[in-house]
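# Commentary on secondary and tertiary structure
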Amino acid sequence: MISYYLLVAVVDALTAVNEDDWQIAADIKDGNISQFLLKPVDYLWFRFCLFLSGRATYLTVAFIPITLVVLYLHKYFILPPDFATFALFLFSVLMTALLQFFLSYTMAMLAFWLMEISTLVFILYAFEYIASGHMFPLDILPKAVQEILLFTPFPYQLFLPVGIYLGKITGSNLVSGLLIQAAWVVIAYALARFAWYRGIRKYAAAGG
């Protein structure tokens, strides 16, 4: 269990979205996105680059304390069974980062229609915290509940990469898990694009 929570902390440090949705919503409400409508700059990929730079900065600052914790608890920090498993873990972490960002971006697009999105964001984050495996491993839940959650994007935001690393998700479950995770990334990207184009149709900004 300690190994699980150590890996959760590592994956969360690599993929978590920190205030990106609030900043995007503020850009919409304050009219700052007007400049992106006048320039050949894709706002989604602009924000994604900021997300990546934010993660890089955070990891640079947090590298020493995270390393010290891992070294102190090294007996609980197990290595993956083989290199192939580690490679699949890294691929899943990349998919997790994309999924986290695209879902956060889509939620922020609600600012085109709502004056305040904080309540909806907090509800989503609260559900995500439980259903992604952040609070506890999802495999301790009843089988029926697990099967329902697997049709949602939440287990693929944390539980899947951690399960791959620990060797708990293997064989056909690993293949199907990665395919579903990739499908959710595509769906989240499509939703993000759809919400942006629909929002821009009703967007209006006054002043300079």
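The structure under discussion appears in the preceding block.
This write-up is about the structure you can find in this document. Once a new chain begins, its residue numbering starts again from 1 and follows that chain's sequence as written. Reporting of local features is limited, given that this is a predicted model, to residues whose pLDDT is at least 70; pairs of side-chain atoms are given and counted only at 80 or more, and all residues count toward the totals for whole chains, interfaces and linings. To get the side-chain values, take all heavy atoms of the structure and skip hydrogens and water.

Each pair of aromatic rings taken from Phe, Tyr and Trp, with Trp reduced to its six-membered ring, is defined by centres within 6.5 Å and is described as stacked if the planes are under 30 degrees apart, edge-to-face if over 60, and tilted in the remaining cases. If you walk through the whole model with that rule in mind, you get 22 aromatic pairs. Residues Trp-22 and Phe-122 carry aromatic rings whose centres are separated by 5.7 Å and whose planes lie at 50° to one another, so their mutual orientation is tilted. You can see Trp-22 sitting in helix 2 (residues 20-30) and its partner Phe-122 sitting in helix 6 (residues 118-131), a full 100 residues away along the chain. For the exposure calls, accessible area comes from a 1.4 Å probe over protein chains only, and a residue counts as buried if that area is under 20% of its type's maximum, exposed if over 50%, partly exposed in between. Look at Trp-22 and you get partly exposed, because its relative accessible area is 29%. Where Tyr-43 meets Trp-196, the ring centres are 5.4 Å apart and the plane angle is 15°; that geometry is what we call stacked. On the criterion of sequence distance, the pair formed by Tyr-43 in helix 4 (residues 43-72) and Trp-196 in helix 9 (residues 171-202) is long-range, its members being 153 residues apart. Under the relative-accessibility criterion, Trp-196 is labelled buried at 10%. By the criterion adopted, a ring carries a charge over it if an Arg CZ or a Lys NZ lies within 6 Å of its centre and within 35 degrees of its normal. Over the face of the ring belonging to Tyr-58 we find Arg-55, whose NZ or CZ atom lies 4.8 Å from the ring centre. By the criteria applied, helices consist of DSSP H or I runs no shorter than four residues and strands consist of E runs no shorter than two, each listed in order from the N terminus.

Moving on, we get to the layout of surface pockets. Buried and open spaces are told apart on a 1 Å grid over the protein atoms alone, a cavity being a set of points where a 1.4 Å probe fits but cannot get out and a pocket being an open set with protein on both sides within 12 Å along at least five of seven lines. Residues with an atom within 4 Å of a point are the lining residues. Grid points are joined across faces, edges and corners, and a volume is the space filled by probe spheres set on the points. A volume near 470 Å³ is recorded for the largest pocket. Of all elements in the fold, only helix 7 (143-149), helix 8 (159-165) and helix 9 reach the threshold of two or more residues within the lining of the largest pocket. Of the voids in this model, the second largest pocket is the one considered here, and its volume is about 300 Å³. Lining of the second largest pocket is provided by 15 residues; of these, Asp-12, Ala-16, Gln-100, Tyr-125 and Glu-128 occupy positions nearest its centre. Of all the secondary-structure elements, those providing two or more residues to the lining of the second largest pocket are helix 5 (83-108) and helix 6.

To continue, consider the side chain of Ser-132. Within the secondary structure, Ser-132 is located in the loop between helix 6 and helix 7. A relative accessible area of 4% places Ser-132 in the buried class.

Turning our eyes to something else, we now look at a nonpolar patch on the surface. Judged by side-chain polarity, Phe-63, Ile-64, Leu-68 and Leu-71 come together as a nonpolar surface patch covering roughly 450 Å² of accessible area. In this structure, Ile-64 sits in helix 4. Patch construction takes residues with relative accessible area above 30% that form no salt bridge. Like charges are linked within 9 Å, and nonpolar side chains (Val, Leu, Ile, Met, Phe, Trp, Tyr) are linked within 5 Å. The Shrake-Rupley method, run with a 1.4 Å probe sphere, supplies the accessible areas, and residue values consider only the shown protein chains as cover. The working definition used for a salt bridge is a side-chain nitrogen of Lys or Arg within 4 Å of a carboxyl oxygen of Asp or Glu.

The next subject is the packing of helix 5 against helix 9. The angle between the axes and the distance between the axes are what describe a pair of packed helices. Lines are fitted to the C-alpha atoms to define the axes, a helix being fitted only along its stretch in contact, and any angle between axes, read from their N-to-C directions, falls within 0 to 180 degrees. Contact geometry of helix 5 with helix 9 gives a least axis separation of 8 Å together with a crossing angle of 25°. As the angle between them shows, helix 5 and helix 9 are arranged roughly parallel. Seen from above, helix 5 lies across helix 9 with left-handed handedness. Seen from helix 5, the contacting residues are Leu-88, Phe-91, Ser-92, Met-95, Thr-96, Leu-98, Leu-99, Phe-102, Leu-103, Tyr-105 and Thr-106; seen from helix 9, they are Leu-174, Leu-178, Gln-181, Ala-182, Trp-184, Val-185, Ala-188, Tyr-189, Leu-191, Ala-192 and Trp-196. Class assignment for the residues of the contact of helix 5 with helix 9 results in 18 nonpolar, four polar and no charged. Each angle is binned into one of four classes, with values under 35 degrees roughly parallel, values over 145 roughly antiparallel, values of 65 to 115 roughly perpendicular, and all other values oblique. Crossings are assigned a handedness: left-handed for a near helix turned anticlockwise from the far helix by less than a right angle, right-handed for a clockwise turn. Pairs of residues are marked as contacts when any of their non-hydrogen atoms sit within 4.5 Å. When residue character is reported, Ala, Val, Leu, Ile, Met, Phe, Trp, Tyr, Cys and Pro are called nonpolar, Asp, Glu, Lys and Arg charged, and the others, Gly included, polar.

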